[in-house]
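Fold and contact review
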Amino acid sequence: MTSGKTPHTLLVISAHAGDFVWRAGGAIALAARRGGRAKVVCLSYGERGESAKAWRAGHTLDEIKAIRREEAEHAAAALGAEIEFLDAGDYPLVETPELVDRLVRVYRESEPDVVLTHPLADPYNGDHPAAARMALQARVLAQAIGYDAPGEPLGAPPVFFFEPHQPEQCDFKPDVLLDITPVFEAKRKAMECLPAQQHMWDYYTDLAVRRGVQLKRNAGPNLGLAHDTRAEAFMRLYPQVTDTLL
Ligand SMILES: [Zn+2]
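Our next topic: the coordination of the zinc ion. Distances from the zinc ion to its protein donors, namely His16 (ND1), Asp19 (OD), Asp19 (OD), Glu50 (OE), Glu50 (OE) and His128 (NE2), fall within the range 2.1 to 2.7 Å. Relative to the metal, the six donor atoms surrounding the zinc ion lie at angles of 51 to 161°, and the coordination shape comes out irregular. Within one chain, the residues donating to the zinc ion are spaced in sequence as H-x2-D-x30-E-x77-H. One end of the pair, Asp19, is in helix H1 (residues 19–33); the other, Glu50, is in the loop between strand S2 (37–42) and helix H2 (52–56), and 31 residues separate them in sequence. For Asp19, a relative accessible area of 1% translates into the label buried. Under the relative-accessibility criterion, Glu50 is labelled buried at 14%.

Moving on, we come to the sheet that holds strand S6 (residues 176–179). What the seven strands build is an open sheet, ordered S3-S2-S1-S4-S5-S7-S6; its pairing is mixed. The two strands at the open ends of the sheet, each matched to only one other strand, are strand S3 (82–85) and S6. Strand-to-strand twist in this sheet, taken as the mean axis angle between neighbours without regard to direction, amounts to 30°. Where strand S1 (residues 9–14) meets S2, six bridges bridge the pair, whose relative direction is parallel. Pairing of Ile13 across the sheet is with Val41, part of S2. With respect to the sheet, H1 is in contact with S1, S2, S3, strand S4 (114–117), strand S5 (159–162), S6 and strand S7 (231–236), its orientation differing from that of S7 by roughly 95°.

Evaluated as defined, the whole model comprises four aromatic pairs. Within the aromatic cluster, the residues linked to one another by ring pairs are Trp22, Tyr203 and Tyr204. For the cation-ring pair, Arg230 lies above Phe184, with the distance from its terminal atom to the ring centre recorded as 5.4 Å.

For Glu232, the location among the structural elements is in strand S7. Within the structure, the side chain of Glu232 is placed 2.7 Å from the side chain of Lys187, a separation counted as a polar contact. Every residue in contact with Glu232, bar those within four places of it in the chain, is listed here: Trp22, Arg23, Ala24, Gly25, Gly26, Ala27, Val176, Leu177, Leu178, Ile180 and Lys187.

For the structure on display, the rule yields zero disulfides. This cysteine, Cys42, is not joined by any disulfide, and Cys193 carries the nearest cysteine sulfur, 13 Å off. With relative accessibility at 18%, the residue Cys193 sits in the buried group.

This next bit is on a nonpolar patch on the surface. On the surface, a cluster of nonpolar side chains totalling about 300 Å² of accessible area is made up of Leu120, Val140, Leu237 and Tyr238. Residue position: Tyr238 is located in the segment after S7. With a relative accessible area of 32%, Tyr238 lands in the partly exposed category.

Here we take up the nonpolar core. Val12, Phe20, Ile28 and Leu116 are the most contacted members of the largest nonpolar core, which totals 40 residues. For this core, the elements supplying multiple residues, two or more each, are S1, H1, S2, helix H3 (61–79), S4, S5, helix H6 (184–191) and helix H7 (199–219). For this core, the leading source of residues is H1, giving nine residues. Non-local contacts of Val12, meaning those with residues more than four positions away in its chain, are made with Phe20, Ile28, Lys39, Val40, Val41, Leu116 and Phe162. Ile13, Val41, Ala138 and Ala142 belong to the second largest nonpolar core, which has 28 residues in total.

The rules behind these values
- Residues numbered from 1 in each chain as written.
- Predicted model: local features only at pLDDT ≥ 70, side-chain atom pairs only at ≥ 80, totals over all residues.
- Heavy atoms only, no water.
- Donors = N, O, S within 2.8 Å, 3.2 Å for Na, K, Ca; no water.
- Tetrahedral: all angles 85-135°; square planar, octahedral: opposite > 155°, others 65-115°.
- Helix = DSSP H or I, 4+ residues; strand = E, 2+ residues; numbered from the N terminus.
- Buried < 20%, exposed > 50% of the residue type's maximum accessible area, 1.4 Å probe, protein only.
- Pairing = 2+ DSSP bridges.
- Axes fitted to C-alpha atoms, helices over the stretch in contact; angles between N-to-C directions.
- Contact = heavy atoms within 4.5 Å.
- Phe/Tyr/Trp six-rings, centres within 6.5 Å; stacked < 30°, edge-to-face > 60°.
- Lys NZ or Arg CZ within 6 Å of the ring centre and 35° of its normal.
- Polar contact = N/O pair within 3.5 Å; in protein donor to acceptor, adjacent residues only side chain to side chain.
- Disulfide = S-S within 2.5 Å.
- Patch = residues over 30% accessible without salt bridge, like charges linked within 9 Å, V, L, I, M, F, W, Y side chains within 5 Å.
- Areas by Shrake-Rupley, 256 points an atom, 1.4 Å probe, with all protein chains shown as cover.
- Salt bridge = Lys/Arg side-chain N within 4 Å of Asp/Glu carboxyl O.
- Core = buried A, V, L, I, M, F, W, Y, C linked by side-chain atoms within 4.5 Å.

Okay, structure coming up:
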């Protein structure tokens, strides 16, 4: 579906500093370009598990965290997003009530219209499902009027899982294809802000092309979509609420 409806606020909750770029950079750039607010929360910097190049270069843990933070800030700026780091540590990212509470406060403050996070299964990376579980638990708690956190109780923003690196193993079957063609250059620019994971740039460019082909196939021949359509894939967690099936 390619309705022109714009989310007012998009909240992206990711385990590591680079995740939001590969998997949701297009969605973020679209929200920002349409005048909405895009907020990214990184639970960690991915300092231990997703910074191999920096470790091999001999940097210390603190140096790596600083490097990844700066890179992610540049990537968020390239997409037009705000970014917040909770510095909760990775490999493992440990689920705690305190961390969930911090996320509740993010929900209450930002009042998102749409939430993006990792799928609940990832046999390659336990931090990703841990981030998703905390994101979902915090969303439910933020809805409770009696939960002790500033702000109003949250509504029911739809939750979309963004595409994992190994979708088949993560039970990821796309049911939403988002046309990111107009902002793909911004996504590529954001990817290039992450030299620690340079091997991912072309991978996620190729994926955008492939998902773009699938988007056109599902959109039908008469919508006038650009030949070189780019797309990102998502999965809905909750049913879509609508008053029309058209
Ligand atoms: Zn990650």
